[in-house]
Every structure is written in structure tokens, then in C-alpha cells.
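# Descriptive structure summary
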Amino acid sequence: MEDLIQNRIPHAPQMGLFVRPDIPENRLSNAIRDYAQHVQAGNVVALYDATLSGNGKDGAVFTTDRFVFQNTDLEAPQTVRYRDLIEVDSKRRWLGLGGKKVELTINRGRATFDLVMDFSGQPDAADYVADFLHEAVIRDVQLGSTPSESSSPRTNRTAVRDALARLRERGDLTDEDMQRMLDVLDAGDEPPAS
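Computed from a predicted structure; not experimentally measured. (Residues numbered from 1 in each chain as written. Predicted model: local features only at pLDDT ≥ 70, side-chain atom pairs only at ≥ 80, totals over all residues. Heavy atoms only, no water.)

## Some points on the packing of aromatic side chains
We describe a pair of aromatic rings using the distance from one ring centre to the other and the angle between the two ring planes. Defined as follows: Stacked, tilted and edge-to-face pairs are distinguished by plane angle, under 30 degrees for stacked and over 60 for edge-to-face with tilted covering the rest, among Phe, Tyr and Trp rings (Trp via its six-membered ring) whose centres lie within 6.5 Å. Segments assigned H or I by DSSP are reported as helices when at least four residues long, segments assigned E as strands when at least two residues long, and all are numbered from the N terminus. Each residue's exposure class comes from its accessible area (1.4 Å probe, protein chains only) as a fraction of the maximum for that residue type: buried when under 20%, exposed when over 50%, partly exposed otherwise.
Applying the stated rule across the entire model yields 6 aromatic pairs. Note on Phe62 and Phe132: the rings are 5.9 Å apart at their centroids and 85 degrees apart in plane angle, and the pair reads as edge-to-face. Residue Phe62 is found in strand β3 (residues 59–62), and its partner Phe132 is found in helix α3 (residues 123–138); the two are separated by 70 residues along the sequence. Taking relative accessible area as the criterion, Phe132 reaches 0% and is therefore assigned buried. Aromatic pair Phe67 and Phe69: ring centres 6.0 Å apart, planes at 20 degrees, arrangement stacked. Exposure remark for Phe69: the relative accessible area of 2% places this residue in the buried category.

## What about unusual backbone geometry?
Of the consecutive residues Arg20 and Pro21, the connecting peptide bond is found in the cis state with omega at 15 degrees. Its place among the elements puts Pro21 in the loop between β1 (17–19) and α2 (25–34).

## Things to note about the side chain of Glu87
What counts here: In what follows, a contact means two residues having at least one pair of non-hydrogen atoms within 4.5 Å.
Inspection of the secondary structure assignment puts Glu87 in strand β6 (residues 85–92). Discounting chain neighbours no more than four positions away, the residues touching Glu87 are Glu103, Leu104, Thr105, Val137, Arg166 and Arg170.

## Description of the pattern of salt bridges
Opposite charge on two side chains lets them pair, provided their charged atoms get close. Worth spelling out the cut-off: Salt bridges are identified by distance alone: a Lys or Arg side-chain nitrogen within 4 Å of an Asp or Glu carboxyl oxygen.
One pass over the structure, following the stated rule, counts 13 salt bridges. Of the charged contacts, one joins Asp65 and Arg66 as a salt bridge, the two residues approaching to 3.2 Å between their closest N and O atoms. Judged by its relative accessible area of 28%, Asp65 falls in the partly exposed class. Given a relative accessible area of 29%, Arg66 falls into the partly exposed group. Here Asp175 and Arg168 are joined by a salt bridge, their closest N and O atoms 2.4 Å apart. We classify Asp175 as exposed; its relative accessible area is 52%. Assessed through its relative accessible area of 29%, Arg168 is described here as partly exposed.

## Considering the sheet that holds strand β2 (residues 46–49)
For sheets, the rule is that strands pair by backbone hydrogen bonds, running either parallel or antiparallel. As a reminder, the rule being used: Note on pairing: DSSP must find at least two bridges between two strands before they are called paired. With axes taken as lines fitted to C-alpha atoms, and helix axes fitted only over the stretch in contact, angles between N-to-C directions fall between 0 and 180 degrees.
Taken in spatial order, the 5 strands line up as β1-β2-β3-β4-β5 in an open sheet, and their pairing is antiparallel. Bordering the open sheet on either side are β1 and β5 (78–81), each of which pairs with just one other strand. Shown here is a sheet whose adjacent strand axes are inclined to one another by a mean of 15 degrees, direction ignored.

## Here's the deal with the sheet that holds strand β8 (residues 111–118)
The antiparallel open sheet is built from 3 strands, whose spatial order is β6-β7-β8. Strand pairing shows two members of the sheet lacking a second neighbour, β6 and β8, which therefore form its edges. Neighbour to neighbour, the strand axes of the sheet diverge by 20 degrees on average, direction disregarded. Against the sheet, α3 makes contact with β6, β7 (100–108) and β8, and its axis sits at roughly 160 degrees relative to β6, the strand it touches most.

## Focus: helix α5 (residues 175–187)
Counted only if it meets this: Multiplying 1.5 Å by the residue count of a helix minus one yields the expected span of that helix.
Taking 1.5 Å per residue as the helical rise, α5 with its 13 residues ought to reach 18 Å, and the 18 Å between its terminal C-alpha atoms agrees with that figure. Check the buried side of α5 and you find it contacts α4 (157–169).

## Re the packing of α4 against α5
The axes of two packed helices give the description: the angle between them and the distance between them. Note the threshold: Each angle is binned into one of four classes, with values under 35 degrees roughly parallel, values over 145 roughly antiparallel, values of 65 to 115 roughly perpendicular, and all other values oblique. In this classification, the charged set is Asp, Glu, Lys and Arg, the nonpolar set is Ala, Val, Leu, Ile, Met, Phe, Trp, Tyr, Cys and Pro, and all remaining amino acids, among them Gly, are polar.
Where α4 meets α5, the closest approach of the two axes is 10 Å, and the angle between their N-to-C directions is 175 degrees. Compared by their axis directions, α4 and α5 come out roughly antiparallel. For the pair α4 and α5, the contacting residues are Arg157, Val160, Arg161, Leu164, Ala165 and Arg168 in the first and Asp175, Met178, Met181, Leu182, Leu185 and Asp186 in the second. The residue inventory of the contact of α4 with α5, partitioned by class, reads 7 nonpolar, no polar and 5 charged.

Spelled out as C-alpha cells, the structure:
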């Protein structure tokens, strides 16, 4: 996942994007203190600073298994595991004003909900972040150690099939790749051989 982050998110300070090892310590410590208290600084691979002042108190931090973001101090911080993402879409926020947003569809257990990342202050960064998150949805990425069997979450196969269908309809997934993914998903429905 670290390689994917570093390949898809550029180190571009003019857009508020910083990638390890060049993440400014003051911005990172402000982000962790303000909205990402449960993240260790050493685990952050990339930082998006959404502030115009460059203090890092709004934006997002990206680790190898999740990202945490806060649009403003008036909104609660959001933590999203990459494995819970099922759809990502970058859109203009306001017509003619140049702002952008990244809309996220998240699935946790049997609950599916939407979140929005605001890129009004740094609209050029939105497409890079959306591209990375979109790729994280599509790719089969190993996200660290495998949890024990008893704590392992169950896959909501219906939500996965629906997400694949949406990706196919948007043209982001070929028929062949969709069928391969469905075959793997369906193989998980079969009982293990004795």
C-alpha cells in the first residue's frame, strides 16, 4: 500500500500534498494533535494539508491501512480503512468557483454510507487523492498482517457485487476483470474441501 500511495500521490507542496520522507514535522504533528490522535507519526506515508495557512490542522493523513481526515474543525474527524471503501468519485464542489470534493462510499459490516472530503482550498489535490483511493478500491492489496480467524470481519458479498457493478457501469472495470473478481468472490462461498 505504501508503494501505491507514493506512486499515486505526488509530493506537491503547492497543492498541500506531502509524501514521506518529506512531510513537514510541524504540519504532521498539528494534524495528529488536531484530528488524527490515534495515528503514530511514523506510520504516516502521506499528508494532505487543506489549510490555506499551512498549519496542517485540516486535511488528511494516509497510512498503509487507513486514512483519517477532517474537513474543518466544525466536523468530526473520519477514519476510513481502505478495505471498507467501495466507491470514490471526484466532483466540482460549486459551479464556477473551482472547488472540488471527493465523495466516498463506505461499507462497514452491513452498513453502507457516504462521506465527503472537501478540497475547496486545494482543488488540484482532489484528483490525485481520488485517483489513489480509487486504485485502492480496485486493487487486491495486502494490508499488513492477517487478523485472527475469530476477529476477521465477514465479507458482505452483496455490497461487493454492487460495487463491482457500479465500477463496470462507469467504465472503470472491464467485463473480464469483473468476471474474475466475481469468480474469486463466489469461490469464497464454497465450503472448504474435507
